[in-house]
Amino acid sequence: MYDQAAFEAFCAELVRAGFSPTVGSGGRHWTGAIPESLEPLTDAGVMEIAITDGWPAVAAKAFVPGLTADHVLPKSGYICLWADDDPAQIHGQTWGAFSARLDRWAASARDGFELEDRALDSWVLFPGIAAVRAELDLPALLGTPRNGDVHVVHGKSKAILTLTKNARDDHPLEGVVMYRDSVRMAPRSLDEFRAALTRRQRDNLNHGLARRGGAAQGEASGGYDFAVLAWPKYGQFEALVLSFAGAGAELVASPHSTSPSDVASRIRRAGPDASILQRKRVLVAGVGAVGGQVALSLACSGVGELYLRDDDDLRSVNLARHVLDDYLVGYSKTVGLSVRIAGSAPWCRTVEGAALPLDPEQVADVIRGFDLVVDCTGMFAATFALARACELENVPLVSVSLHRAGRLFRIQRQTHGDVPILQRTSPAFPAIPPGDHEDTEGFLELGCTAPVHNAPPTAVLRAAADAALVAVDLLTGRNTGAQDVVTVLHPIDAAPFDTRGSLVFPAAEGREQEWANA
């Protein structure tokens, strides 16, 4: 318990409300009469209150065995008053607040839950649980859904159960996906599952189950190995996925914990800017350690088109800092990154190309029409060419570079109203001074034609994340940042870079320097 005094006060309130503690529970388990608000919902006369570890950050739990309603787990009668991750549950640390929440829940159970009420997944209400999770792309499986639809599909069940409309060697299971335009309450048994179907759907399911040869769950049986019932809920889909074991009188149905895998569901996790970013075209020059992270972050944030420019191939020595995995060693970084993005952000179209030329006029021909260019080359000549080309074509530019073995990194923004990067000079835009020989050149090793700059992965990730944030702000019209920011992760012996924090340039008038998030 995080608050012993509050816990003792809560227990005293339970006593006054007529509850009695279970002997030996240490005040963690209580039994008492159900409140009046629950009486129309059940014939039960008593309820149980359990206080678990983490109280009051984790609210007490209410159980009414035999109660049947949405937001109630079968058998145990557990009433879901708060989602597990709801911080508001801490307010239930008094009996008055807890019972008021219970009364509000009872009113919703009688009159219908609102959209904002977090609904339990349908599989939670069905006894038992299948061994693996199911992932569904329901828009692809259903097409334009119509009440009573039946789709025979195929699946595989290894780490997860996945389904496809087309027969494939790696999807040996057979099953059916059925759609109803309304399901009042999620089925809690195979009989209720059948009862929710149309006659045609029910006949199809029964025929498929009759063909089963008695295989174990997740194995091909010669008949239906799984069945899916889908219906609309809150403008999206709800679904109950059952896998079968045995046959005939020995048939057992188990529900799968289920999550969506369709693109629309995946892109919701990209954040609120995704709808804007899907219309944007971005060119990333240099997809090494920093550029690879930036490109992947932009794709996963919702960017619709990414053009990746780099000449380098992925090598094993890159893996400590690069976003790509070892199976892509030997392939070009642009191709490998396209593969990586296709898996994580399928809404993003990628185009691979060689490194950009160093002639600004040639670069201008390449970048014309883009919404943003991100320079992650870390090469002065490439940065200068990009800066001049973006100035000529009026294309916004974000340039990020690591310095002094990752002790510092610099992010420069060039867009309308900014001082062009090629015109930025001290003292308004002070240069980061070179360090000693080791800081400047890194070290040589077998097979390398250039020095190794050993900035640690933490510096790479921080620089890439900050650069991606600046890029997203530019793409979404939130152009509120600074033209030039030097972030000092580890101070160096040269002012103003001798204090940890982020230096903003040019500094505000009348001040030597300005700090952001110092």
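(A) Structural detail: the overall build of the protein chain. A count of helical and extended segments in the protein chain gives 13 helices and 22 strands. At 30 Å, the protein chain has a C-alpha radius of gyration far larger than the 24 Å of a compact globule built from 518 residues. Overall, the protein chain is about 80 × 60 × 45 Å in size when its C-alpha atoms are taken along their principal axes. Sorting the 518 residues of the protein chain into buried and exposed places 47% on the buried side. Contacts spanning at least 24 positions in sequence make up 59% of the contacts within the protein chain whose residues lie at least 6 apart. Accessible surface for the protein chain amounts to roughly 25,200 Å². Of this, 51% is attributable to carbon and sulfur atoms.

(B) Spotlight on the pattern of salt bridges. Scanning all chains against the criterion turns up 19 salt bridges. Look at the salt bridges and you will find they share partners, linking Asp273, Asp473 and Arg478 into a network.

(C) Structural view of the confidence of the model for the protein chain. Per-chain confidence: the protein chain averages 91 in pLDDT, with 93% of residues scoring 70 or above. Taken as a whole, residues 438–442 scores under 50 in pLDDT and shows twelve contacts with residues more than four places along the chain or in a different chain.

(D) Looking closely at the packing of helix α8 (residues 289–301) against helix α13 (residues 457–475). Where α8 meets α13, the closest approach of the two axes is 9 Å, and the angle between their N-to-C directions is 45°. In this view, α8 runs oblique relative to α13, as classed from their interaxial angle. Where α8 crosses over α13, the two elements pack in a sense that is right-handed. Judged by residue contacts, Ala289, Val290, Gln293, Val294, Ser297 and Leu298 of α8 engage Val460, Leu461, Ala464, Ala467, Ala468, Ala471 and Val472 from α13. By residue class, the composition of the contact of α8 with α13 is eleven nonpolar, two polar and no charged.

(E) How the structure looks around the nonpolar core. Counting 44 residues, the largest nonpolar core has Val282, Val284, Leu298, Leu306 and Val374 as its most contacted members. Considering each element in turn, this core owes the most residues, ten residues, to α13. Not counting residues up to four positions away in its chain, the partners in contact with Leu306 are Val282, Val284, Ala295, Ala299, Ile341, Cys348, Arg349, Thr350 and Val351. By size, the runner-up hydrophobic cluster in this structure holds 29 residues, among which are Ile34, Ala62, Ala69 and Trp105.

(F) Up close: the packing of aromatic side chains. The final tally for this structure, using the stated rule, is eleven aromatic pairs. Geometrically, the ring pair formed by Phe7 and Trp55 is edge-to-face, given 6.0 Å between the ring centres and 70° between the ring planes. Taken together, the residues span a long stretch of sequence, with Phe7 in helix α1 (residues 4–16) and Trp55 in the loop between β3 (46–50) and β4 (61–63) at a distance of 48 residues. Centroid distance Tyr307 to Phe370: 4.9 Å. Interplanar angle 85°. Geometry classified as edge-to-face. One end of the pair, Tyr307, is in strand β15 (residues 305–309); the other, Phe370, is in the loop between α10 (360–367) and β17 (372–375), and 63 residues separate them in sequence. Here Tyr307 matches Phe370 in class, with each residue buried. Taken together, the aromatic side chains of Phe7, Phe10, Phe19, Trp55, Trp82, Trp95 and Phe98 make up a single cluster linked through ring pairs. The ring of Phe370 carries Arg281 above its face, with NZ or CZ at 4.2 Å from the centroid.

Cut-offs and rules
- Residues numbered from 1 in each chain as written.
- Predicted model: local features only at pLDDT ≥ 70, side-chain atom pairs only at ≥ 80, totals over all residues.
- Heavy atoms only, no water.
- Helix = DSSP H or I, 4+ residues; strand = E, 2+ residues; numbered from the N terminus.
- Rg over C-alpha atoms; globule rule 2.2 N^0.38 Å.
- Buried < 20%, exposed > 50% of the residue type's maximum accessible area, 1.4 Å probe, protein only.
- Contact = heavy atoms within 4.5 Å.
- Areas by Shrake-Rupley, 256 points an atom, 1.4 Å probe, with all protein chains shown as cover.
- Salt bridge = Lys/Arg side-chain N within 4 Å of Asp/Glu carboxyl O.
- pLDDT = per-residue confidence, 0-100.
- Axes fitted to C-alpha atoms, helices over the stretch in contact; angles between N-to-C directions.
- Parallel < 35°, antiparallel > 145°, perpendicular 65-115°, else oblique.
- Left-handed = near helix turned anticlockwise from the far one by under 90°.
- Nonpolar A, V, L, I, M, F, W, Y, C, P; charged D, E, K, R; others polar.
- Core = buried A, V, L, I, M, F, W, Y, C linked by side-chain atoms within 4.5 Å.
- Phe/Tyr/Trp six-rings, centres within 6.5 Å; stacked < 30°, edge-to-face > 60°.
- Lys NZ or Arg CZ within 6 Å of the ring centre and 35° of its normal.

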